[in-house]
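Fold and contact review
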Amino acid sequence: MNLRALVVDDEPLARQRIRHLLRRATDVEVIQECANGLEAVKGIEELSPDLVFLDIQMPELDGFGVVEAVGADRMPPTLFVTAYDQHALRAFEVHALDYLLKPYSVERFHQALTRARRWCVPQQEEKAPNLEALIDGLRQERPWVDRLLVRQGDRHILVRTAAIQWIEAEDNYVRLHVEGTSHLLRQTMTGVLARLDPAQFRRIHRSAIVNLDCIKEFQPWSGGDHLVIMRDGTKLTLSRTFREQFGEWL
Amino acid sequence: MEHVRPRWGWYWGIWALMGLYMTTWDLALYPSSSVLRLLVMNLAQNGVWGVLGLCLLGLANRRPIESFAWRHWPVWSLHLLASVAVAALGLFVAYCISLLVQSSEWKEPMTWAMVRKGLPRFYRAYFHTNLLFMWAVVAAFHGLRIYRKYKTREVEAARLEARFAEAQNLALRMQLQPHFLFNTLNSISALVHSNPDGADEMISRLGDFLRTTLDAPPDQLVSLRRELAFIRDYLAIEQIRFQDRLQVEIQIPTELMELRLPGFILQPLVENALKHGFADRPEGGTLSLRARREAGDLVLEIQDDGEGFVPGREGVGLANVRSRLGLLYKGRTQLELLGAPGRGTLVVLRIPQEASPAGEA
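Described below are features of the structure shown in this document. (Residues numbered from 1 in each chain as written. Chains lettered and ligands numbered in written order. Predicted model: local features only at pLDDT ≥ 70, side-chain atom pairs only at ≥ 80, totals over all residues.)

**Quick word on the overall build of chain A**
- When helices and strands are tallied, chain A shows eight helices and 15 strands.
- When burial is assessed residue by residue, chain A has 35% of its 250 residues classed as buried. (Helix = DSSP H or I, 4+ residues; strand = E, 2+ residues; numbered from the N terminus. Buried ≥ 20, exposed ≤ 12 C-beta atoms within 10 Å, placed from the backbone.)

And the structure:
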């Protein structure tokens, strides 16, 4: 069986090295190379490769960001490649993941590849590593993200969390209001709140989270509620239930 | 006990001024007296007080008042007694001087009887003022002592801060380098197959880069020439790593090459420009490095044509550059970030040249 592989690295030479080494492995075919995280998410979703060589340090959306954006459960078997990141290496050790450390030898590469092949063959003794546990573990250490990946039609857009003015609940989605436009994200309010820095984002209502930097004023409203007026004029409600978080101000 | 270095010019100057001041006072009281006589008398009297004040200073230097807590009462009492004694003695001598001056004016010899007759009245009139002077001497001593102590502490704190920043800076560079180093080695392992000459070039550039990093102590001023050589090595490696994506333009007039700047200050700024300027741009971009001289300062500009700096959180690299500049030049430098969405980021760094910075010693 031929394995269709995706190679993700922001450095052309690093991709070239993997491609070069894969020439010897006749059962693996590189179907696409991606130079950044966004391309990788797109590539994984569109091509459903059997195996992904994934660099960790990439600008904007890094390797872990790619796994999160695709969804750890939907991620194909992945071989992480990294130059140096003590943080990530510790996580790999904890979750007994195989990874490639740059620069790696030919032997080491083929050893890792042999192992990865076993993940890709169904009904084998070895299962692909549990990425969900890895991502959860990493998230506990660096819980807040600087960017969120949103889908718009067939495109992916990275939204800086600092640019989000407020977030509105919409059925099974949340709507991110960003400088005049808005994006839908398949996420729950609690889920998205957990990813945002609590020093900047607070929940004010069952269906609203605000960026504190974008609040202009608070006005007392009926029944213990408050009216929150945003810099762009949007009026939101701070319900009694969530008022205590603003205890220091109200 | 730390020794308080005295400022004798000030000490005697103030006593002399007091003498002049009292002369004007006496002139108001005895307008018919000779100005010269009054001046000589007052200067002599203040001179005596100055000499006696030295006793108080000597005592204060040996047994300074460390605190006003009750349990320190022996020290205060000692100073109180000493100042009373010194004031009394000083007044006695001063009275003798004034009698001497008067007797020379009246052309009759000064006698012991004259001293005994006028002394009690003189004490009643001047003792309290004189005691205040002596307290002022003791207070001034302690004031100076506290000020010096505070200054010493401040200097020590600044030194500690500089040390800390140095250590931190070194640690940061060490953190940054492995990543860069291993990625570069990985690129070389790709190049040896596809482009042996490129691999060769990269190895020698990497060698130069590492040599410079290992050689130079942090926080020492280097010439722009040296800093630029380092940046060129760094950029050459990055250019090979990112292949055609990175264009570099360096426009630096040769006459600026000997100007001084803190070593390794440019690299984090250039790295920042590469990181934020070329992220998510498969087509790559251009990095420009320019220098000029403006009002004596060295002005450096690093420009990328990337997505544009968005004000907000600055990275660790930039914060480190700021703190180093702050310690070295105490606010005489400027680091400005100008960005426009989609039109790149311009970093302007201004390094003063005229005086040596605080950290250079």
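**Some words on the environment of A199 of chain A**
Residue and element names in this part refer to chain A.
- Position of A199 among the secondary structure elements: in the loop between α7 (189-195) and β11 (201-205).
- By C-beta crowding, A199 is classed as exposed, having 8 other C-beta atoms within 10 Å.
- Along the backbone, A199 and N211 are twelve residues apart, and their C-alpha atoms lie at a distance of 9.2 Å.

**Structural notes on the sheet that holds strand β14 (residues 226-230) of chain A**
Residues and elements named next belong to chain A.
- Strand order in the open sheet formed by three strands is β13-β14-β15, and the pairing between neighbours is antiparallel. Here the strands that pair on one side only, and so sit at the sheet edges, are β13 (215-220) and β15 (235-238). Across the sheet, the mean angle separating the axes of adjacent strands is 30 degrees when strand polarity is ignored.
- In terms of strand pairing, β13 meets β14 through five bridges, oriented antiparallel. For E217, the partnering residue across the bridge sits in β14 and is I229. (Pairing = 2+ DSSP bridges. Axes fitted to C-alpha atoms, helices over the stretch in contact; angles between N-to-C directions.)

**Digging into helix α2 (residues 35-62) of chain B**
- Over its 28 residues, α2 of chain B runs 40 Å from end to end, which matches the ideal 40 Å to within 8%, given 1.5 Å per residue.
- Those residues of α2 of chain B lying buried are L38, M41, N42, Q45, N46, W49, L52, G53, L56 and A60 of chain B. (Expected span 1.5 Å × (residues − 1).)

**Points about the sheet that holds strand β9 (residues 173-178) of chain A**
Residues and elements named next belong to chain A.
- Here five strands make up an open sheet; going across it, the order is β10-β9-β8-β12-β11 and the pairing antiparallel. On the outer flanks of this sheet lie β10 (181-185) and β11, each paired with one strand and no other. Within this sheet the neighbouring strands show an average axis-to-axis angle of 25 degrees, counted without direction.
- Relative to strand β12 (residues 208-211), strand β8 (residues 164-170) runs antiparallel, the two being bridged by three bridges. If you follow I167 over to β12, its bridge partner there is I209.

Function cannot be read off these values alone, since they describe shape.
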